[in-house]
Amino acid sequence: MSNPILALRAVNKSFGPIDVLHDITLEVKAGEVLCLLGDNGAGKSTLIKIMSGVHQPSSGVIEIDGVACPLPSPRAASEQGIATVHQFGGTFPLMSIGRSFFVGVEPTKGWGPFKVYDRRRANAIAVKAVQEFGITRIDDGDRLVGGLSGGERQSLAIARAVHFGARVLILDEPTAALGVKQATHVLRIVNEAKRRGLAVVFITHQVMHAMAVGDHFAVLIRGAVAADFKKGEKTREEITDLMAGGASMASLEAEIESQMAQA
Ligand SMILES: Nc1ncnc2c1ncn2[C@@H]1O[C@H](COP(=O)(O)OP(=O)(O)O)[C@@H](O)[C@H]1O
Ligand SMILES: [Mg+2]
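Notes on the structure follow. (Residues numbered from 1 in each chain as written. Chains lettered and ligands numbered in written order. Predicted model: local features only at pLDDT ≥ 70, side-chain atom pairs only at ≥ 80, totals over all residues. Heavy atoms only, no water.)

1. Digging into the nonpolar core
And step 1. If you look at the biggest cluster of nonpolar residues, it comprises 47 residues, and the most contacted ones within it are Phe 133, Ile 158, Leu 169, Leu 171, Val 190, Val 200 and Phe 202.
And step 2. Within the second largest apolar cluster, 29 residues are counted, among which are Ile 5, Val 28, Leu 71 and Val 201. (Core = buried A, V, L, I, M, F, W, Y, C linked by side-chain atoms within 4.5 Å. Buried < 20%, exposed > 50% of the residue type's maximum accessible area, 1.4 Å probe, protein only.)

Okay, structure coming up:
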């Protein structure tokens, strides 16, 4: 049993009079994927903004390695090894793969005023890091990020976070805008990050994607943890119903599927 890298203890968040998160307690462990499930507006983004230093809890405690550790800024979170990858990979379409990998931390050659961006080295390191994640199709660091598929961009952003020492990887709906093949690709990368011992927080409203990678699940409804369970403890139908707040979504889905099969 490993100890949690990141934990939230009784976290509440209000924006003025609006209570968005209620009494959230969650733990994220090394080598584990925690799936955060919930419908639109459930508070998922607000919760990960608290984990990544963008928002401060109104009350409650954030712990890192078992010690209370406020995260007053995104930089503070990043210094603790917490990396967030947003839906579109957060990269710049007109930058090369090598450039975008090192944006802000460019390797240089030469000295003092003669220091220049070392393109070859940046490209070599970026391509190697990405290929180590199994994305062998990326072999030229000069290619523009804009020419990559959505899944490849996500993968590049994840490989980058891992390369620079992330311990906690937060992925906000990484598969939401992707087709089946691309999504599978990203799910493979998530498994690889987990295999390397990272703690992954995977936000999604797609139950199948969650079930493909999750070790632990938390369902958020109207800002509260409505259910918290481990892999294998609930079926796909039960999870879908939970997300719909108890309404029998699974039976509705089955009905729609059978109607479509007949059409
Ligand atoms: N800065 C804010 N000020 C006021 N209300 C907010 C703010 N950010 C989010 N909310 C509200 O919090 C609720 C949860 O939003 P969000 O965390 O984005 O949900 P999700 O990511 O699950 O769709 C929504 O009702 C939203 O309107
Ligand atoms: Mg959101």
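Resuming the write-up.
2. Section: the packing of helix 5 (residues 150-163) against helix 6 (residues 180-195)
And step 1. Put simply, helix 5 and helix 6 touch, their axes get as near as 8 Å, and they point 15° apart. On the basis of the axis angle, helix 5 is roughly parallel to helix 6. Crossing hand, helix 5 versus helix 6: right-handed. Residues Gly 150, Gly 151, Glu 152, Gln 154, Ser 155 and Ile 158 of helix 5 touch helix 6, and the partners they reach there are Gln 182, His 185, Val 186 and Ile 189. (Axes fitted to C-alpha atoms, helices over the stretch in contact; angles between N-to-C directions. Helix = DSSP H or I, 4+ residues; strand = E, 2+ residues; numbered from the N terminus. Parallel < 35°, antiparallel > 145°, perpendicular 65-115°, else oblique. Left-handed = near helix turned anticlockwise from the far one by under 90°. Contact = heavy atoms within 4.5 Å.)

3. Section: the packing of helix 4 (residues 119-132) against helix 5
And step 1. At a minimum axis distance of 9 Å, the contact between helix 4 and helix 5 shows a crossing angle of 105°. By the criterion of interaxial angle, the relationship of helix 4 to helix 5 is roughly perpendicular. Residue-level contacts link Ile 125, Ala 129 and Val 130 of helix 4 to Leu 156, Ala 159 and His 163 of helix 5.
And step 2. Taken together, the residues that form the contact of helix 4 with helix 5 break down as five nonpolar, one polar and no charged. (Nonpolar A, V, L, I, M, F, W, Y, C, P; charged D, E, K, R; others polar.)

4. Focus: helix 4
Because each turn of an α-helix spans 3.6 residues, side chains separated by three or four positions end up pointing in the same direction.
And step 1. Helix length check: helix 4 (14 residues) gives 20 Å between terminal C-alpha atoms against 20 Å at 1.5 Å per residue, within 8%.
And step 2. Those residues of helix 4 that fall on the buried side of the exposure criterion are Ala 122, Asn 123, Ala 126, Val 127, Ala 129 and Val 130. Down the axis of helix 4, the smallest arc covering the buried residues is 165°, so these residues share one side. Turned more than 90 degrees from where helix 4 packs its buried face, Arg 120 and Lys 128 sit exposed. (Expected span 1.5 Å × (residues − 1). Arc of directions from axis to C-beta.)

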